[in-house]
Amino acid sequence: MNREKLIGALATIVGDEWVHHRPSELVAYSIDGTFQQALPDLVVSPATTEQVAAVVRVAAGVGMPVIPRGAGTSLAGGTIPLGGGLVVNLARMNRILEVDKANGVAVVEAGVVTAELQRAVEREGLFYPPDPASLNQSTIGGNVATNAGGPRCLKYGVTRDYVLGLTVVLADGRILRLGGKLIKNKTGYQLAQLFVGSEGTLGIITEVTLKLLPRPRYRATALAIFPRLDDAARSVNGILAAGILPVTLELMDNLTINVVEDYLQAGLPREAEALLILEQDGNHPEAVRDEVEQMAAICGELGASTVQVATDEADRQRLWQARRAVSPALGRRGRNKLGEDIVVPRSAIPEMVRRVRQIGQEYGFEIPVFGHAGDGNLHPNIIFDLRRPGELARVEQAAAAIFRAALELGGTLTGEHGIGTLKREFLTEALGPDAVEVMGRLKAALDPKGLFNPHKMFPEGDGVEGFLRQLPLLGTAEAPG
Amino acid sequence: MTGGLNLLREQYDNLSACIRCGLCLSVCPTYQVSFKEEEGPRGRIAMLKALVEGHLNLTSDLLEHELNCLVCEACTAICPAGYRMEPAQIAFRADIRDAAPWPVRFGLDYFLGNLGRLRRLVRLLALGQRAWLVSLASRTGLVDVLGLRRLTRFLPDLPTTFIVPRGQVWRPAAGPVRYRVALLTGCVMSTVFAGVTRATIRVLTANGCEVVAPAGQGCCGALHLHGGLFDSGLRLVENNVRAFNPDEFDAIIVNSAGCGTALKTYDHYAGSPRAAALARKTRDVTEFLDEIGLKPPAGEVPVTATYQDACHLAHAQRITAAPRRLLRAIPGLRLVEMAEPALCCGSAGVYNVTRPGFADALMRRKARNILATRAEMVITANPGCYLQLLAGLREAAGGDRPAVEVRFLVEVLDQAYQAAPQAVFVEVRG
Ligand SMILES: Cc1cc2nc3c(=O)[nH]c(=O)nc-3n(C[C@H](O)[C@H](O)[C@H](O)COP(=O)(O)OP(=O)(O)OC[C@H]3O[C@@H](n4cnc5c(N)ncnc54)[C@H](O)[C@@H]3O)c2cc1C
Ligand code: SF4
Ligand code: SF4
């Protein structure tokens, strides 16, 4: 089938308006939250599961790769159409089909934006906890495909913990309906869970059934500043050892504090080695306040120089200001960034932060570290400038050193962003060859022709050396034909 | 194409600031009604960047997606990386100015660039009002091409006397002069909305301001800059920099959000220290009244009202709290929030004339959100929004009377002051 015929075939499924094929449109779908860029052959925006299935059958018929795309906020290059292909944009499938109060579940289309779902269920007194920092733009389908997490995950778990059912379009165009509204369901393999974190390589998720919780009525927050990083880590352990499970324990290291202070000029102490934001929620205001004050006291005893507690909304917002400013502050710092997402055992956090600092000094980069202290998920951000000669090779070395440090400390490559293209060459090192081989067999069973999201997740065999340089960088896309 | 994309090239660093996080998709009006990446800020940036890099040519599809941008600045306001859409669009549109439809280019240059002509046009329209235009539109096929039939939907009640800035001074009738301010009388604000500008003068004098309308001033140039008429825009900017001497005033007051945004960025277009001082001293009238502490109005305006954030106030100037504080200070007025108050209504300068598809979709969404509040009045601070809300609410009512009354914020304040009458100003000279 030639290009014109293919466009025609897709247009009969979704309508002319929803096949994006003109040059500028292909450029609009050539990027995501990373610094890579590759042009798709075509883009299509279906409106229903049936349309998705029909689109997949057309693509399978001509052997064209299919790249599922939610909001394109991936930080792993998951939606970059390496080598071309058909991007399936799910943003139009954004209906909240049902908020079932009686059963505490929501049924949504894959393109529903995370924050929209949260607002809708909160209006009903319910709660959908997973809160990636991208929640205002990311989609539920994307969250499921990457098993997204966020600050609240220490207490409430990650996306996986809320997926009860999925509708998935398979590589042969069949529509698979898995699970449903039941909280307990052990009938057969847990197939729905197989697609959680599959990064678009196994099927296209079109509908999701999610577990909801009752919405906690009260929240209180504390901010603690530590002259010494080790004291912050000891405080985190002290809090958990005291039997408190807070909603969040957000950590910012010294460099992050300074980057934020440069941006905000809010008077943060530049010498402090760590800043912690602690939050608790619940239904009893005294219990919530008690626990936050207890956490504040523990921090104070274990070396915090100042601790502030906020129970009213305005004060809470003020305490969160520094943490919220991390993204804009980093966004304005330097020209390029590589945001990493390693996980280490909680006890290894201070050691990991120190190693990142050494790696930064060794390769000449600022690498602020912030993240979720309760679960050991840290985001070292390498700030660089691609205009400097040889820069990318140095970034590669620094990133590889960070991965290896995390693995050495008993951790792993990614906590929530996924593997995509950016970390695929490290997969074997992280999982071992057997696990990668089993993954490959699963993939082959579900998608024998390798139609879905090729070049992602699995090592391409090019090795670790040059793992970034082999990727197409932003601004180097071929002019569309 | 003229100019070989020279201005856009200068925007390359700005375009490169985007880190592709996608946050702006959540606030972009054209994305929110299409869910297409090519109709969102991130896509528009990628396309402009690819154009500069030579990976894209200036094809009709690219032009369409870029010109669909309302330049509402919602993306700029929310962007964590400091990207700015307005200068990029102004540069792009100037580089491709021949692409703007000729009636728009002609209208902007012929009428807004010359206030004498604009006054004659408005007077002519006022005489015949809508009836004249409607019959003209239906009798001649040609006027359809100009979009006149659409235009009739937007036409408000027109005045026949205008404010011609000649250096007039209005002093408070009683009490001391606390501030001396200059007023930008503008183009449509001094003609089509002359009544609103008079209300602005009354409200300012009631708050202890001596108000001056410096002679020689004209249109702010914003529509020209957004419309690709860069050189005409620059001429208007320079003209106003000559007309206003910032050293003589505590503030330069603007009662149209779009014009205020333009004045506040004059330093980008005219590099002189005087332009920079002018930009620094520019205040939206709502911002200024809030800053100096509004004199509480004694009269009542018993109405349930909702407030529409003008893009150029909320996003470009980041003013959202001040107008609401002013409204809450009016006795009897009950303020209810509509859904998506800061989502563009689709007016965006002349956008509603040039790109009806998105404009109408946004207008209807706005009308629905307003009607859902059950408010009797919708209040805004920008002429474009006023006209668009009027059109949307007329359509909702299926007639000439809008389903909900549309007012400027200063008009409502003025009404509150007038409701407990007292002399507010004396005109001294002019
Ligand atoms: C500023 C910023 C902050 C972020 N913060 C966090 C954070 O705190 N926690 C976190 O976990 N992540 C975070 N991320 C990463 C990203 O937002 C998440 O990975 C998110 O879940 C991706 O959602 P999306 O809709 O944008 O998916 P996309 O980026 O469009 O896709 C991501 C991957 O999922 C696949 N995919 C998408 N939709 C489907 C579908 N319907 N069916 C099958 N496969 C699909 C794609 O092929 C791709 O491999 C952040 C990103 C940004 C830009
Ligand atoms: S919010 Fe800013 S950085 Fe993020 S995609 Fe939009 S323009 Fe780019
Ligand atoms: S200026 Fe407004 S319409 Fe244009 S891209 Fe930004 S948010 Fe969208």
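Since the model is a prediction, treat every value here as computed from it, not as a measurement.

### Description of the overall build of chain B
Within chain B one finds 24 helices and 10 strands. Taking all 430 residues of chain B together, the buried fraction comes to 60%. Counted over contacts in chain B with a minimum sequence separation of 6, partners at least 24 positions apart contribute 78%. Total accessible area on chain B stands at roughly 15,900 Å², and carbon and sulfur atoms take up 54% of it.

### With respect to the site of ligand 2
Neighbouring ligand 2 are B:C18, B:I19, B:R20, B:C21, B:G22, B:C24, B:R42, B:I45, B:C79, B:P80, B:A81 and B:Y83. Residue composition of the shell around ligand 2, by class: 9 nonpolar, 1 polar and 2 charged.

### A few points about the packing of helix α5 (residues 60–67) of chain B against helix α7 (residues 85–95) of chain B
Residue and element names in this part refer to chain B. Put simply, α5 and α7 touch, their axes get as near as 11 Å, and they point 140° apart. Taken together, the axes of α5 and α7 lie oblique to each other. When the axes of α5 and α7 are compared, the crossing they make is left-handed. Of the residues in α7, those in contact with L62, L63, E66 and L67 of α5 are Q89, F92 and R93. Partitioning the contact of α5 with α7 into residue classes produces 4 nonpolar, 1 polar and 2 charged.

### Considerations on the domain arrangement of chain A
All names here are of chain A. What the domain assignment lists for chain A is domain 1 (3–89), domain 2 (96–214), domain 3 (218–326), domain 4 (334–422) and domain 5 (429–465). Between the C-alpha centres of domain 1 and domain 2 the distance comes to 23 Å. With 14 residues of domain 1 at the contact, the number on the domain 2 side is 17 residues. Taking the shortest distance from any N to any O, the salt bridge between R177 and E50 comes out at 3.9 Å. At the surface where domain 1 touches domain 2, the tally comes to 2 residue pairs in polar contact (both at pLDDT 80 or more). For the side of domain 1 that touches domain 2, the secondary-structure elements that each account for two or more residues are α3 (49–62) and β3 (66–69).

### Topic: the site of ligand 1
Residue and element names in this part refer to chain A. Close contacts around ligand 1 come from 33 residues, with P68, G70, T73, S134 and T139 the closest. Within the backbone of G72, one N or O atom sits 2.8 Å away from an oxygen atom of ligand 1. Between ligand 1 and the protein, one listed contact pairs a nitrogen atom with a side-chain N or O atom of E416 at 3.1 Å. Burial of ligand 1 by the protein chains amounts to 95% of its free accessible area of 960 Å². When residues of the shell around ligand 1 are traced back to their parent elements, those giving at least two are β3, α5 (140–146) and β10 (204–211). Looking at the shell around ligand 1, the element that brings in the most residues is α5, giving 5 residues. Each residue belonging to the shell around ligand 1 can be placed in one class, and the counts come to 12 nonpolar, 18 polar and 3 charged. Each of domain 1 (3–89) and domain 2 (96–214) contributes no fewer than three residues to the shell around ligand 1.

### Considering the sheet that holds strand β8 (residues 163–169) of chain A
All names here are of chain A. Pairing is antiparallel across the open sheet formed by 5 strands, whose spatial order is β5-β6-β10-β8-β9. Pairing within the sheet leaves two strands with one partner each, and these edge strands are β5 (96–100) and β9 (175–179). Pairs of neighbouring strands in the sheet enclose a mean axial angle of 10°, with direction left out of account. Across 6 bridges, the pairing between β8 and β10 is antiparallel. For V168, the partnering residue across the bridge sits in β10 and is I205. Each of β5, β6 (105–109) and β10 touches helix α4 (residues 114–123); the most contacted strand, β5, lies at about 35° to it.

### What about the nonpolar core?
With 68 residues, the main nonpolar core has B:L204, B:L333 and B:I379 as its most contacted residues. Setting aside residues no more than four positions away along its own chain, B:I379 makes contact with B:A305, B:T306, B:Y307, B:Q308, B:L327, B:L333, B:R407, B:F408, B:L409 and B:V412.

### Quick notes on the side chain of B:E86
Residues and elements named next belong to chain B. As for its placement among the helices and strands, E86 is situated in helix α7. The side chain of E86 is buried and forms no salt bridge, while R84, the nearest opposite charge, is found at 5.7 Å. A distance of 2.6 Å separates the side chain of E86 from the side chain of H226, its partner in a polar contact. Those residues in contact with E86 that lie beyond four places of it in its chain are V71, E73, T76, H226, T261 and H312.

### Comments concerning the packing of aromatic side chains
Enumeration according to the criterion identifies 12 aromatic pairs over all chains in this entry. A centroid spacing of 5.0 Å and a plane angle of 75° characterise the contact between B:F193 and B:Y386, whose relative ring orientation is edge-to-face. Here B:Y386 lies in helix α23 (residues 383–397) and B:F193 lies in the loop between β2 (179–183) and α12 (194–206), a separation of 193 residues in the sequence. In this structure B:F193 comes out as buried when scored by relative accessible area, which is 5%. Classification of B:Y386 as buried rests on a relative accessible area of 13%. Between the aromatic rings of B:F230 and B:Y269, the centroid separation amounts to 6.4 Å while the plane-to-plane angle is 70°, which identifies the pairing as edge-to-face. With B:F230 in helix α14 (residues 230–243) and B:Y269 in helix α16 (residues 266–269), this residue pair connects regions lying 39 residues apart in the sequence. Using a relative accessible area of 19% as the deciding quantity, one classes B:Y269 as buried. Through pairs of rings, three or more aromatic residues link up here, namely A:F403, A:F426 and A:F467. Between the NZ or CZ atom of A:R92 and the centre of the ring of A:W18, over which it lies, the distance is 3.7 Å. B:K36 extends its terminal NZ or CZ atom over the ring of A:W18, reaching a point 4.8 Å from the ring centre.

### Some thoughts on helix α20 (residues 321–328) of chain B
Of the positions making up α20(B), those classed as buried are B:A322, B:P323, B:R324, B:L326 and B:L327. The elements touched by buried residues of α20(B) are α18 (285–292), β6 (303–307), α19 (311–314), β7 (333–335), β8 (377–380) and α24 (409–419) of chain B.

### Focus: the pairing of strand β1 (residues 168–172) of chain B
Residues and elements named next belong to chain B. Extensive coverage of β1 is indicated by the burial of 4 of its 5 residues. Two strands pair when backbone bridges link them, and β1 and strand β3 (residues 209–213) are joined in this way by 3 bridges, in the antiparallel orientation. Following the sheet pairing, W170 is matched in β3 by V211.

### Observations regarding the pattern of salt bridges
On inspection of all chains with the given rule, the structure shows 53 salt bridges over all chains. Salt-bridge contacts for A:R228 lead to A:D231; the nearest nitrogen and oxygen are separated by 3.4 Å. Under the relative-accessibility criterion, A:D231 is labelled buried at 8%. With a shortest N-O distance of 2.8 Å, B:R325 and B:D290 are connected by a salt bridge. Residue B:R325 is found in helix α20, and its partner B:D290 is found in helix α18; the two are separated by 35 residues along the sequence. Under the relative-accessibility criterion, B:R325 is labelled partly exposed at 44%. By relative accessible area, which is 23% here, B:D290 ends up partly exposed. Taken together, the salt bridges that share partners define one network made up of A:R228, A:D230, A:D231, A:R234, A:E351, A:R354, A:R355 and A:E408.

### Regarding the side chain of A:Q118
For A:Q118, the location among the structural elements is in helix α4. A distance of 3.0 Å separates the side chain of A:Q118 from the backbone oxygen of A:Y128, its partner in a polar contact.

### Some remarks on the pairing of strand β14 (residues 274–282) of chain A
Put simply, side chains in a regular strand alternate between the two faces of the sheet. Residues and elements named next belong to chain A. Among the 9 residues of β14, 9 are classified as buried, and the element is accordingly described as predominantly covered. In β14, alternate side chains face the same way, and those of A274, L276, L278, Q280 and G282 on one face and L275, I277, E279 and D281 on the other are all buried. Taken together, the 9 bridges between strand β12 (residues 218–226) and β14 define a ladder with antiparallel strand orientation. Counterpart to Y218 in the pairing with β14 is G282. The pairing of strand β13 (residues 248–253) with β14 spans 6 bridges and is antiparallel. Paired with M252 across the bridge in β14 is L275.

Conventions and cut-offs
Residues numbered from 1 in each chain as written. Chains lettered and ligands numbered in written order. Predicted model: local features only at pLDDT ≥ 70, side-chain atom pairs only at ≥ 80, totals over all residues. Heavy atoms only, no water. Helix = DSSP H or I, 4+ residues; strand = E, 2+ residues; numbered from the N terminus. Buried < 20%, exposed > 50% of the residue type's maximum accessible area, 1.4 Å probe, protein only. Contact = heavy atoms within 4.5 Å. Areas by Shrake-Rupley, 256 points an atom, 1.4 Å probe, with all protein chains shown as cover. Near = heavy atom within 4 Å. Nonpolar A, V, L, I, M, F, W, Y, C, P; charged D, E, K, R; others polar. Axes fitted to C-alpha atoms, helices over the stretch in contact; angles between N-to-C directions. Parallel < 35°, antiparallel > 145°, perpendicular 65-115°, else oblique. Left-handed = near helix turned anticlockwise from the far one by under 90°. Domains from an automatic or database assignment. Salt bridge = Lys/Arg side-chain N within 4 Å of Asp/Glu carboxyl O. Polar contact = N/O pair within 3.5 Å; in protein donor to acceptor, adjacent residues only side chain to side chain. Pairing = 2+ DSSP bridges. Core = buried A, V, L, I, M, F, W, Y, C linked by side-chain atoms within 4.5 Å. Lys, Arg positive; Asp, Glu negative; His and termini not counted. Phe/Tyr/Trp six-rings, centres within 6.5 Å; stacked < 30°, edge-to-face > 60°. Lys NZ or Arg CZ within 6 Å of the ring centre and 35° of its normal.

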